[in-house]
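A look at the structure
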Amino acid sequence: MRTREEFTRVNNVLQADKSVMSDACKALVLQDFAEKFNEYFDLIGLPRMELNCKNGIYSVSLSFEAERIKKFNVLTQ
């Protein structure tokens, strides 16, 4: 029978493995965000992303710099 410490150790290993995002994957995600953000802003460079995982819950922070906000209208029905 497994002890509580073994369960905790295995859980920590699994959570650490889940929280890893390769540089190539991160670059692809940031390119996708840049395409969407460019619909609303004139970006200066790519967005930046910070990932933190605690107890299996991800906290994702995005930041970017823009030269201007593009003018757009919201259509209502």
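To be clear, the structure that these remarks concern was listed above.
Residues numbered from 1 in each chain as written. Predicted model: local features only at pLDDT ≥ 70, side-chain atom pairs only at ≥ 80, totals over all residues. Heavy atoms only, no water.

All right, on to the packing of aromatic side chains then. Ring pairs (aromatic) are described by centroid distance and by the angle formed between their planes. Here the structure, examined in full by the defined rule, presents 3 aromatic pairs. Between Phe41 and Phe64 the ring centres are 5.1 Å apart and the planes differ by 65°, which places this aromatic pair in the edge-to-face class. In this pair, Phe41 sits in strand E1 (residues 41–43) while Phe64 sits in the loop between strand E3 (57–63) and strand E4 (66–69), placing the two residues 23 residues apart along the sequence. Take Phe41: its relative accessible area is 23%, and that puts it in the partly exposed class. The class of Phe64 is partly exposed, set by a relative accessible area of 27%. Feature note: the residues Phe33, Phe37, Phe41 and Phe64 constitute an aromatic cluster, connected by ring pairs. (Phe/Tyr/Trp six-rings, centres within 6.5 Å; stacked < 30°, edge-to-face > 60°. Helix = DSSP H or I, 4+ residues; strand = E, 2+ residues; numbered from the N terminus. Buried < 20%, exposed > 50% of the residue type's maximum accessible area, 1.4 Å probe, protein only.)

Right, let's talk about the pattern of salt bridges for a bit. According to the stated counting rule, one finds 3 salt bridges in the structure shown. Its salt-bridge partner being Glu39, residue Lys36 comes within 3.2 Å of it at the nearest N-O pair. For Glu39, a relative accessible area of 45% gives the class partly exposed. Residues Arg68 and Asp42 are paired through a salt bridge, measuring 2.7 Å at the closest nitrogen-oxygen approach. Of this pair, Arg68 sits in strand E4 while Asp42 sits in strand E1, placing them 26 residues apart in sequence. Under the relative-accessibility criterion, Asp42 is labelled partly exposed at 22%. Ionic contacts of the salt-bridge type, sharing partners, join the residues Asp42, Arg68 and Lys70 into one network. (Salt bridge = Lys/Arg side-chain N within 4 Å of Asp/Glu carboxyl O.)

That's the geometry; what it means functionally is another story.
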